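Observations on chain architecture
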Amino acid sequence: MKFATIKPNDLAIVKNDTLIPVGESLSREGALPKQATMLDLIARYDSVKGQLENIATKGAGTRIDAKLLKPPVENPTKIWAAAGNYKRGSEGLGDARGRGNAAKTSPEELLENIFLKPPSSIVGPGGNIVIPKNADSIFPELELCVVIGKKARHVSKAQAFDAIFGYTIMLDVTARGYGLSKNLSGTRNVRKGFESFSPIGPWITTKDEIPNPDNLWMKLWINGELKQSAKTDAMINNIATLVSFLSDVTTFYPGDLITTGNPDSPEFQEKLKPGDVLKAEIEGIGAMSLGVAKEQ
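Read on for a plain summary of the structure. Worth saying up front: this structure is predicted, and the values here are computed from it rather than measured.

Definitions and limits used
Residues numbered from 1 in each chain as written. Predicted model: local features only at pLDDT ≥ 70, side-chain atom pairs only at ≥ 80, totals over all residues. Heavy atoms only, no water. Helix = DSSP H or I, 4+ residues; strand = E, 2+ residues; numbered from the N terminus. Rg over C-alpha atoms; globule rule 2.2 N^0.38 Å. Buried < 20%, exposed > 50% of the residue type's maximum accessible area, 1.4 Å probe, protein only. Contact = heavy atoms within 4.5 Å. Areas by Shrake-Rupley, 256 points an atom, 1.4 Å probe, with all protein chains shown as cover. Lys, Arg positive; Asp, Glu negative; His and termini not counted. Charge placed at Lys NZ, Arg CZ, Asp CG, Glu CD. Salt bridge = Lys/Arg side-chain N within 4 Å of Asp/Glu carboxyl O.

**Quick word on the overall build of the chain**
In terms of regular secondary structure, the chain is built from six helices and 19 strands. A globule of 296 residues ought to have a C-alpha radius of gyration of about 19 Å, and the chain, at 18 Å, matches this closely. On the principal axes, the C-alpha backbone points of the chain span a range of 55 × 45 × 30 Å. Burial status across the chain gives 54% buried among its 296 residues. Counted over contacts in the chain with a minimum sequence separation of 6, partners at least 24 positions apart contribute 77%. Looking at the chain as shown, the accessible area adds up to about 12,900 Å², and 49% of this sits on carbon and sulfur atoms. If you average the places of the 36 positive and of the 34 negative side-chain charges in the chain, the two averages end up 2 Å apart.

**A word on the pattern of salt bridges**
In the structure shown here, the tally under the stated rule is 13 salt bridges. Measuring nitrogen to oxygen at the nearest pair gives 3.2 Å for the salt bridge that ties K2 to E209. Placement of the pair is K2 in strand β1 (residues 2-6) and E209 in the loop between β14 (198-206) and β15 (217-222), with a sequence separation of 207 residues. Assessed through its relative accessible area of 39%, E209 is described here as partly exposed. The salt bridge involving D264 is made with R99; its shortest N-O contact spans 2.8 Å. Of this pair, D264 sits in the loop between β17 (257-259) and β18 (277-282) while R99 sits in the loop between β6 (79-81) and α4 (107-112); the two residues are 165 residues apart in sequence, bridging distant segments of the chain. Grouping residues by exposure puts D264 and R99 together as buried.

This is the structure:
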């Protein structure tokens, strides 16, 4: 199933080209709290799954309108973001490995380079990536984002998918030229933590609909021109490895996010400017559009 957060304050099943509201009806039945969020739905999913399937079969929907969509997860407790997690080594757009020099860092070291992004950096479909006043070298990085489904700690690789609810799209936006420091790894949290630097959406696809998330095409267009195209099977540390490693660092909670890395190295990414229009698409999930604006 696919689930969206919609305006002004509801949840919806995404079925074909329609949105079927479910939050208020499940609240009336006592299955979800009043004004339930996606975090509530994820945490109670196993107990309400049957009701959701029944609504999806019988419920009336309205045609999908991007203007109705909010970020599918608005307030996760944490966003983990992988760095340098693709094999790379290609110069060709569409090569599944990703473009740029092949990784020289060991998989184990790459796990230790994972960083945190603040939840306040989230923006939803149709929103704007806002270029800060004091930064102008802004680049988008298209990534598959894992949505955690339950409280979890010390999860083995074999158990990792039991902790996952589903998948969505995230752009890990970075202000590459920001600040005085030359320590790019040390300043990641700042350069990638500005407001609007974690666009997410358009909705969440549950894990049962994506049996092999390590084998999905990802594509990013800027102003109608294809700028990124690669496949998730070129990850160095796969999803199970990321989930297991991070579960030894912190406790996961429903709705926590892990964004899994961008295929292309910086020299193959495009600097954003006000007025740009982006379209991000991942196989099995869907597509979302975003604008670019300058902070006033």
